[in-house]
Amino acid sequence: MFRPNLFRSLILTSFALTFCSVSQAQHPSGHWQMPGMHVPQSQYQAPILDHYTGSKPAVWDDQQPIEQFFGEVAKRSWMRFEYLHWNVSRPGNERVGAPLTGQTNPLIVFDNQNGTPAGEAVIPNLGNMGFDDTRGVRGTWGLDLANADFELQFFGTEQNTDSLGQSNLFLGRATGAETIGTTAFPNIAIPLLSGGGIAGADTANYLIFDDSFSSSLTSQMWGGEATFLSKPYLPNADTSWQWLGGIRYIAYEEEFSNRGVNSGGGLVAPVVTTFGGDTINNMYGPEVGARMAMKNRWFSLSATPRIAFALNDYTANTRSSPLGVAGTSYSESDIDFTPIVQVSFTGEIHISPNFSIFGGYDFMWIYRMTRPYDNIVYDSTAGDAGGFVPNLRQQVDLESFYTRGLSVGCVFRY
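Residue numbering note: each chain is counted from 1, following its sequence as written. With pLDDT at 70 or above as the cut-off, local features in this predicted model cover only qualifying residues; side-chain atom pairs require 80 or more to be listed or tallied, and sums for whole chains, interfaces and linings still use all residues. Heavy atoms from the whole structure form the basis of all side-chain values; hydrogens and water molecules are not counted.

Thoughts on the overall build of the chain
How we decide: Strands here are runs of E lasting at least two residues and helices are runs of H or I lasting at least four, both read from the DSSP assignment and numbered beginning at the N terminus. We call a residue buried when its accessible area falls under 20% of the maximum for its residue type, exposed when it is over 50%, and partly exposed in between, using a 1.4 Å probe and counting protein chains only. Any two residues whose heavy atoms approach within 4.5 Å are treated as being in contact. Note on areas: Shrake-Rupley, 1.4 Å probe, and residue coverage restricted to the protein chains presented here.
Looking only at helices and strands, the chain has two helices and 17 strands in total. Taking all 414 residues of the chain together, 39% fall into the buried category. Taking the intrachain contacts of the chain between residues at least 6 apart in sequence as the baseline, contacts between residues at least 24 apart amount to 73%. With the model as given, the accessible surface of the chain reaches about 23700 Å², and the carbon-plus-sulfur share is 60%.

Put into structure tokens, the structure is as follows:
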């Protein structure tokens, strides 16, 4: 005879085993599910996220639009660096002072300011002053576009100075005649107009220096141009022709200064005269031209003539302080039309597909430009108590200008 509790336990155990068997038959995956609840089942393991093994994003990602753009620009670019060795046009046979009539050699001058003879004198001449061997640098960046070539160029020269001068003029003269110039030790004389008119050599008014005189000329040039060149008609040919168009800017700055001393042969207090001026020419305008080139795998040759229809926005200043009196100054600014013609010849030796040695020659001619030594009017007026009063003023003059020279450098292609 079974006990009631034991009987109930056996019945409950049998029921539980039967239910588990049925559940395993209905759910082969072996997951038990309570009645009334539906849990989605999966045979795949959930992903494991590791937040500690990730790497930082790359600084340069070629797949990003900005990086991709700059990458394509670099692949289509080239750069050229050059050392310039140019010569700038000289002032020419330019004398310091006003013109004279009846000039003789040697020049015998009379000091109308003091009413005494001054003996032999020479007039300073700027013909030997110039800016040969002016050094500079130039850089060019080129870009191969879809239907054109683009070039951006900048250049600049050093500040070059040339001068002339004489000092201690009276030391070689006889005692008692220190103010009288001789053939071996002449005075320095600056001739002046008389009331705006040209005077004779024997009657003209002069600024006379018996102690020392110096003159200097300083210049500097810089600029840039941006040009587009058409694609060659036959890109793979040994010779090519490209049209050129763009814009350019050139600045040329020059300063002219003079200093003369009269000390009565070293016997009186020195009287100092200074005069000179400065100019700056800012030239800018559109440019057209062409480029002819010959090239192969070893070397390239090209010629690039072009002309810029430029405006010259210039400023000219003149200053003077003659015979130690209070100085005067003049300034004038204006705009003038001045074409700029330049021809560039270049040659490259290709060391590798990405590197070349470069050499070139440039000639540049500017139609109208102002220079400070051309702008001074050396005039004088009669003094109230005798003698004369120097009147150095400004009258702007525009003349042609040129520079030419060699360049050497290298070319990098990406």
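Once the structure has been displayed, the description carries forward.
Remarks on the side chain of Ser77
For the record, the criterion: Counting of polar contacts relies on pairs of N or O atoms within 3.5 Å, with two restrictions inside protein: one atom must be capable of donating a hydrogen and the other of accepting it, and residues adjacent in sequence are counted only when both atoms are side-chain atoms.
Assignment of secondary structure puts Ser77 in strand E1 (residues 77–88). Overall, the relative accessible area of 6% leaves Ser77 in the buried class. Only 3.4 Å separates the side chain of Ser77 from the side chain of Trp141, close enough to count as a polar contact. For Ser77, the residues in contact, after removing those within four places along its chain, are Trp141, Gly142, Leu143, Arg413 and Tyr414.

Overview of the pattern of salt bridges
Convention followed: When a carboxyl oxygen of Asp or Glu lies within 4 Å of a side-chain nitrogen of Lys or Arg, that pair is called a salt bridge.
Summed over all chains, the structure comprises 17 salt bridges. Between Arg248 and Glu287 there is a salt bridge; the shortest N-O distance is 3.2 Å. Of this pair, Arg248 sits in strand E10 (residues 239–262) while Glu287 sits in strand E11 (residues 271–295), and the two are 39 residues apart along the sequence. Residue classification places Arg248 among the buried residues on the basis of a relative accessible area of 4%. One salt bridge in this structure joins Glu254 and Arg371, with 2.8 Å as the shortest N-O distance. Highlighted residues: Glu254 in strand E10 and Arg371 in the loop between strand E14 (355–370) and strand E15 (376–382), separated in sequence by 117 residues. Glu254 gets classed as buried once you look at its relative accessible area, which sits at 1%.

Let's talk about a nonpolar patch on the surface
The condition that has to hold: Patch membership requires more than 30% relative accessible area and the absence of a salt bridge. Residues of like charge join within 9 Å; the nonpolar side chains Val, Leu, Ile, Met, Phe, Trp and Tyr join within 5 Å.
On the surface, Tyr249, Tyr284, Val288, Phe309, Leu311, Ile335 and Phe337 cluster together to form a nonpolar patch covering roughly 610 Å² of accessible area. For the nonpolar patch, the elements supplying multiple residues, two or more each, are E11, strand E12 (299–321) and strand E13 (328–352). Structurally, Phe309 is set in strand E12. Residue class for Phe309 comes out partly exposed when judged on its relative accessible area of 41%.

A few points about the nonpolar core
Condition: For our purposes a nonpolar core is just a set of buried Ala, Val, Leu, Ile, Met, Phe, Trp, Tyr and Cys residues, chained together by side-chain atoms within 4.5 Å.
Met221, Tyr252, Phe256, Met283, Ile340, Ile366 and Tyr378 are the most contacted members of the largest nonpolar core, which totals 37 residues. Core analysis: the second largest hydrophobic core is formed by twelve residues, Ala121, Ile123, Ala189 and Ala204 among them.

Regarding the packing of aromatic side chains
Convention followed: Aromatic contacts are taken between Phe, Tyr and Trp rings whose centres are within 6.5 Å, Trp giving its six-membered ring; a plane angle under 30 degrees counts as stacked, one over 60 as edge-to-face, and the others as tilted. Distance and angle both matter: a charge sits over a ring if NZ of Lys or CZ of Arg is within 6 Å of the ring centre and within 35 degrees of the ring normal.
Scanning the model with the defined rule gives twelve aromatic pairs in all. Here the aromatic rings of Trp141 and Phe150 are separated by 6.1 Å at their centres, their planes lie at 75°, and the arrangement is edge-to-face. Both rings, one in Phe355 and one in Phe412, keep their centres 5.3 Å apart while their planes meet at 55°; by these two values the pair is tilted. Taken together, the residues Phe355 in strand E14 and Phe412 in strand E17 (residues 398–413) connect sequence positions 57 residues apart. On the accessibility criterion, Phe355 (27% relative accessible area) is partly exposed. An aromatic cluster is defined as three or more aromatic residues linked by ring pairs; in this entry it consists of Phe81, Phe355 and Phe412. Stacked on the ring of Phe358, the Lys or Arg Arg80 has its end atom at 4.5 Å from the ring centre.

Looking at unusual backbone geometry
Despite not being glycine, Asp133 has its phi angle at roughly 60°, a positive value. With respect to the helices, strands and loops of the structure, Asp133 is situated in strand E4 (residues 131–144). The partly exposed category is assigned to Asp133, whose relative accessible area is 42%. Of note, the phi angle at Leu323 is positive, near 55°, even though the residue is not glycine. Counting through the fold element by element, Leu323 comes out in the loop between E12 and E13.

Structural notes on the confidence of the model for the chain
For the record, the criterion: A residue's pLDDT is the confidence the predictor assigns to it, expressed on a 0 to 100 scale.
For the chain, the mean per-residue pLDDT works out to 86, and 82% of the residues sit at or above 70. This stretch, residues 17–38, has a pLDDT under 50; its non-local contacts, to residues over four places away or in other chains, come to seven contacts.

Some details on the sheet that holds strand E7 (residues 187–192)
This is how it is decided: Pairing between strands is defined by DSSP: at least two bridges between the two strands are required. Here an axis means a line fitted to C-alpha atoms, over the contact stretch when the element is a helix, while the angle between two N-to-C directions is reported on a 0 to 180 degree scale.
Taken together, the four strands give an open sheet; going across it, the order is E2-E3-E7-E8, and neighbouring strands pair in mixed fashion. Two strands lie at the open edges of the sheet, namely strand E2 (107–111) and strand E8 (205–209), each paired on one side alone. Taking each pair of neighbouring strands and ignoring which way they run, the sheet shows an average axis angle of 50°. In the sheet, E7 pairs with E8 via five bridges, with the strands oriented antiparallel. Note on E8: the bridge partner recorded for Ile190 is Leu207.

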